[in-house]
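Chain by chain, the residues run as shown.
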Amino acid sequence: MGNWRRTHFSDEIKAEMDGKEIIVTGWVNSIRKLGKLVFVILRDREGMIQIVIPKQKVSEEVFDIGKSLGREDVIGVKGKVVANEKAPAGYEIIPTEIRVLNRAESPLPLDPSEKVPADIDTRLDNRFLDLRRPKIQALFKLRSEMLRSVRNTLYDEGFIEVNTPKLVASATEGGTELFPISYFEREAFLGQSPQLYKQMLMAAGLDRVFEIGPIFRAEEHNTRRHLNEAISIDCEMSFSDDGDAIATLESVVHNTLLHLNEHCKKELDVIGVDLNIQEIPFPRLEYDEVVDIVNSKGVEMEWGEDLSRAAEKALGEYMDGFYFITHWPIEIRPFYTLPNEEDPRLCKAFDLMYNDLEISSGAQRNHIYDLLIEGIKRMGLNPENFGSYLEAFKYGMPPHAGWGLGADRFMMVIGAQENIRECVLFPRDRQRLTP
RNA sequence: GCCCUGGUGGUGUAGCUCGGCCUAUCAUACAGGACUGUCACUCCUGUGACUCGGGUUCAAAUCCCGGCCAGGGCGCCA
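Remember, it's a predicted structure, so these values are computed and weren't measured experimentally.

### With respect to the domain arrangement of chain A
Line of reasoning, step 1. Taken as a whole, chain A is organised into domain 1 (15-102) and domain 2 (129-283 + 319-422).
Line of reasoning, step 2. Taken over C-alpha atoms, the centre of domain 1 sits 48 Å from the centre of domain 2.
Line of reasoning, step 3. Each partner contributes to the roughly 480 Å² buried at the junction of domain 1 and domain 2, and carbon and sulfur atoms together form 42% of this total.
Line of reasoning, step 4. The largest per-residue losses of area from domain 1 upon contact with domain 2 belong to R43, R45 and E46, which jointly make up 67% of the total buried on that side.

Laid out in structure tokens, this is it:
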């Protein structure tokens with residue numbers, strides 16, 4: 001593009017700029033050739049703008065280039081803004097020079113202008129083209145602002161952002177399947193969660209930490225709400241209990257809704273979402289109530305069972321929006337959950353749900369060494385495999401609590417998407433490892 | 001991993017029940033042509049496809065079996 005630099009994004013040009021010379025850059029969204037008149041709709045990250053090329057008002061060279069353009073060619077256009085009622089936006093650009101920066105081959109693997117729909121599989125195979133569609137891009141602009149808002153809230157509440165290892169030695173934590181990898185002469189695994197590390201940071205005295213990073217789960221699930229690589233928003237806070245963790249989670253979620261509603265009107269409009277800013281506190285259900293509700297909806301559920309998919313759906317019919325489930329049976333929660341001192345069957349764990357979807361789970365953690373050993377044994381795990389983790393509980397571990405919020409699932413809720421793959425640039429599932 | 005449904009030009013589809021004038025429909029895209037206000041421009045001409053392997057049959061896009069892949073559901077997901 002030589003010495004050319006973009007002077008404006010398409011949405012920065014206004015009818016009042018009539019007569020001003022500008023440079024815009026982008027992709028040819030569509031082109032309509034009417035003999036001696038050519039219309040080019042140029043698309044950049046922020047929107048679209050019409051370039052009009054009348055043979056009698058431009059040089060022969062500009063007209064010929066204009067006529068030669070194809071869909072998705074990358075161009076730079078230097079020209080004058082012209083206010084004109086006949087233009088779609090009330091203004092358009094008459095070029096003095098068009099530079100073709102790169103041609104696009106044809107036919108395209110899918111249609112970014114959305115005239116012909118494509119299956120999600122085709123779209124993901126050609127994700128970079130799919131992402132040129134304004135609706136798809138809007139979702140990822142929202143995701144960026146969601147992450148900004150989450151960080152802002154947590155920084156404001158005194159958390160520091162940390163990074164913990166994703167290459168881990170142990171496959172003995174129990175629970176989910178891990179991805180084994182080769183680590184020099186040893187076997188290692190991809191981390192399933194930063195849980196143990198963020199707890200160790202409580203022992204380190206960092207007091208309040210959060211991490212936004214990938215988690216890996218080698219489960220062969222095949223659903224619209226599971227991925228094998230996901231982004232987790234994890235936080236952990238010292239000298240706090242489950243109620244404090246719930247309050248923090250609530251304000252993270254609520255502030256994000258407020259932030260998006262205030263700063264992302266355009267993107268929400270593009271994807272057709274009218275955000276419901278649900279008031280806090282969100283409703284709380286105790287596990288006992290959940291069992292009753294689910295059974296009253298005709299779905300069998302025994303006390304002590306985790307929620308089946310049918311149970312989640314029944315709950316989703318009964319509840320609307322965000323709500324917490326608290327007072328869980330200890331047997332179905334992880335070993336690091338603190339038992340409830342008032343009722344030994346229960347523990348200090350909670351889940352945050354949205355309709356029928358679990359988007360976060362957390363708990364006050366077990367900070368007492370002997371209890372923790374009991375918990376590990378109760379889950380059928382071997383305390384000897386938790387060496388460096390357990391050490392942290394011997395020399396002054398403060399009481400603490402925390403949670404993990406699924407960033408991709410949170411985006412499903414925000415963007416009203418039914419498939420989690422829509423919310424991830426390059427999703428990883430049972431079948432998909434590329435692109 | 002299990003169950004259900006499906007796989008037709010670049011993309012999205014019709015046809016499959018009941019095998020045969022299918023030399024396979026339509027839209028869009030693409031190539032060429034006409035057109036000075038399009039905005040899903042319009043009009044004319046043209047190019048382009050039955051997932052793979054096996055089977056049944058005179059004959060398979062169509063029926064049967066298997067593979068691969070996809071969509072949906074379930075399970076799994078401390």
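### Concerning the UniProt feature "binding site: L-aspartate" (unreviewed entry) in chain A
Line of reasoning, step 1. In the numbering used here, UniProt assigns the "binding site: L-aspartate" (unreviewed entry) feature to E173, R217, S361 and R365.
Line of reasoning, step 2. One can find S361 in strand 15 (residues 357-364).
Line of reasoning, step 3. Beyond its immediate sequence surroundings of up to four residues, S361 is in contact with R333, F350, D351, W403 and G404.

### Observations regarding the packing of aromatic side chains
Line of reasoning, step 1. By the definition in use, this model includes 13 aromatic pairs.
Line of reasoning, step 2. Relative to F322, the ring of F282 lies with its centre 5.1 Å away and its plane at 20 degrees, an arrangement referred to as stacked. Of this pair, F282 sits in the loop between helix 7 (265-271) and strand 12 (284-286) while F322 is found in strand 13 (residues 322-326), placing the two residues 40 residues apart along the sequence. Each member of the pair, F282 as well as F322, is classed as buried.
Line of reasoning, step 3. Aromatic pair F324 and F350: ring centres 6.0 Å apart, planes at 75 degrees, arrangement edge-to-face. Remark: F350 occurs in strand 14 (residues 349-354) and F324 occurs in strand 13; sequence separation between them is 26 residues.
Line of reasoning, step 4. Aromatic rings pair up to connect F282, F322, F324, F350 and Y354 into one cluster.

### Side note on the pattern of salt bridges
Line of reasoning, step 1. Throughout the structure, instances matching the rule amount to 34 salt bridges.
Line of reasoning, step 2. With a shortest N-O distance of 3.0 Å, E97 and R99 are connected by a salt bridge.
Line of reasoning, step 3. Exposure remark for E97: the relative accessible area of 30% places this residue in the partly exposed category.
Line of reasoning, step 4. E422 is the salt-bridge partner of R123, the closest N and O atoms lying 2.8 Å from each other. Remark: E422 occurs in the segment after helix 12 (407-415) and R123 occurs in helix 2 (residues 120-125); sequence separation between them is 299 residues. For the pair R123 and E422, one class covers both residues: buried.
Line of reasoning, step 5. Shared partners join several salt bridges into a network, and the residues in it are E114, R123, R127, D130, R133 and E422.

### Observations concerning the nonpolar core
Line of reasoning, step 1. Membership of the largest hydrophobic core comes to 48 residues, with the highest contact counts inside it found for M146, I233, F322 and W403.
Line of reasoning, step 2. Within the second largest apolar cluster, 25 residues are counted, among which are V24, I49, V62 and I75.

### Quick look at the environment of V24
Line of reasoning, step 1. Note on placement: V24 falls in strand 1 (residues 21-33).
Line of reasoning, step 2. C-alpha of V24 to C-alpha of R6: the two residues are 18 residues apart in sequence and 5.2 Å apart in space.

### Quick look at the UniProt feature "site: Important for tRNA non-discrimination" (unreviewed entry) in chain A
Line of reasoning, step 1. In the UniProt entry, the feature "site: Important for tRNA non-discrimination" (unreviewed entry) is given for P88.
Line of reasoning, step 2. Looking at the element boundaries, P88 is found in the loop between strand 4 (74-83) and strand 5 (91-102).

### A few points about the protein's contact with RNA strand B
Line of reasoning, step 1. Around RNA strand B sit 52 residues, and of these R32, R224, H226, R309 and P334 come closest.
Line of reasoning, step 2. Among the atoms of RNA strand B close to the protein, meaning within 4 Å, 58% are from sugar or phosphate groups.
Line of reasoning, step 3. In the model, a phosphate oxygen of RNA strand B is placed 2.9 Å from a nitrogen or oxygen of the K115 side chain.
Line of reasoning, step 4. The contact in question runs from a base nitrogen of RNA strand B to an N or O atom on the side chain of S193, over 3.5 Å.
Line of reasoning, step 5. Elements that contribute at least two residues to the surface near RNA strand B include exactly strand 1, strand 2 (37-44), helix 2 and helix 9 (309-318).
Line of reasoning, step 6. Looking at the surface near RNA strand B element by element, the count peaks at 3 residues for helix 2.
Line of reasoning, step 7. Here the surface near RNA strand B is built from residues that sort into 15 nonpolar, 18 polar and 19 charged.

### Observations regarding the pairing of strand 10 (residues 208-216)
Line of reasoning, step 1. Within strand 10, 8 of the 9 residues are buried, leaving the element largely enclosed by the surrounding structure.
Line of reasoning, step 2. Pairing between strand 6 (residues 160-161) and strand 10: 2 bridges, direction parallel. Within strand 10, the residue paired with E161 across the bridge is F210.
Line of reasoning, step 3. With 9 bridges joining them, strand 10 and strand 11 (residues 229-238) adopt antiparallel strand pairing. In the sheet register, V209 faces strand 11, and the bridge partner there is E236.

### What to know about the sheet that holds strand 7 (residues 167-168)
Line of reasoning, step 1. Across the sheet, 3 strands lie side by side as 7-9-8; this open sheet has antiparallel pairing. Of all the strands in the sheet, the pair left with one neighbour each is strand 7 and strand 8 (180-183).
Line of reasoning, step 2. Pairing geometry for strand 8 and strand 9 (residues 186-190), over 4 bridges, is antiparallel. Bridging across to strand 9, Y183 finds its partner in R186.

### As for helix 1 (residues 60-68)
Line of reasoning, step 1. Every buried residue of helix 1 is listed here: V62, F63, I65 and G66. Down the axis of helix 1, the smallest arc covering the buried residues is 165 degrees, so these residues share one side. Facing away from the buried surface of helix 1 by more than 90 degrees, the exposed residues are E60 and E61.
Line of reasoning, step 2. Considering only its buried residues, helix 1 is in contact with strand 1, strand 2, strand 3 (47-54) and strand 5.

### Some details on the packing of helix 8 (residues 287-296) against helix 9
Two numbers describe a pair of packed helices, the interaxial angle and the distance between the axes.
Line of reasoning, step 1. Look at helix 8 against helix 9: their axes get within 9 Å of each other, and the N-to-C directions meet at 90 degrees. Taken together, the axes of helix 8 and helix 9 are roughly perpendicular relative to one another. Across from V290, I293 and V294 in helix 8, the residues of helix 9 making contact are A311, A314, L315 and Y318.
Line of reasoning, step 2. Partitioning the contact of helix 8 with helix 9 into residue classes produces 7 nonpolar, no polar and no charged.

Conventions adopted
- Residues numbered from 1 in each chain as written.
- Chains lettered and ligands numbered in written order.
- Predicted model: local features only at pLDDT ≥ 70, side-chain atom pairs only at ≥ 80, totals over all residues.
- Heavy atoms only, no water.
- Domains from an automatic or database assignment.
- Buried area = accessible area lost by both parts, 1.4 Å probe.
- UniProt positions renumbered as here; feature names shortened; annotations may be inferred.
- Helix = DSSP H or I, 4+ residues; strand = E, 2+ residues; numbered from the N terminus.
- Contact = heavy atoms within 4.5 Å.
- Phe/Tyr/Trp six-rings, centres within 6.5 Å; stacked < 30°, edge-to-face > 60°.
- Buried < 20%, exposed > 50% of the residue type's maximum accessible area, 1.4 Å probe, protein only.
- Salt bridge = Lys/Arg side-chain N within 4 Å of Asp/Glu carboxyl O.
- Core = buried A, V, L, I, M, F, W, Y, C linked by side-chain atoms within 4.5 Å.
- Near = heavy atom within 4 Å.
- Polar contact = N/O pair within 3.5 Å; in protein donor to acceptor, adjacent residues only side chain to side chain.
- Nonpolar A, V, L, I, M, F, W, Y, C, P; charged D, E, K, R; others polar.
- Pairing = 2+ DSSP bridges.
- Arc of directions from axis to C-beta.
- Axes fitted to C-alpha atoms, helices over the stretch in contact; angles between N-to-C directions.
- Parallel < 35°, antiparallel > 145°, perpendicular 65-115°, else oblique.

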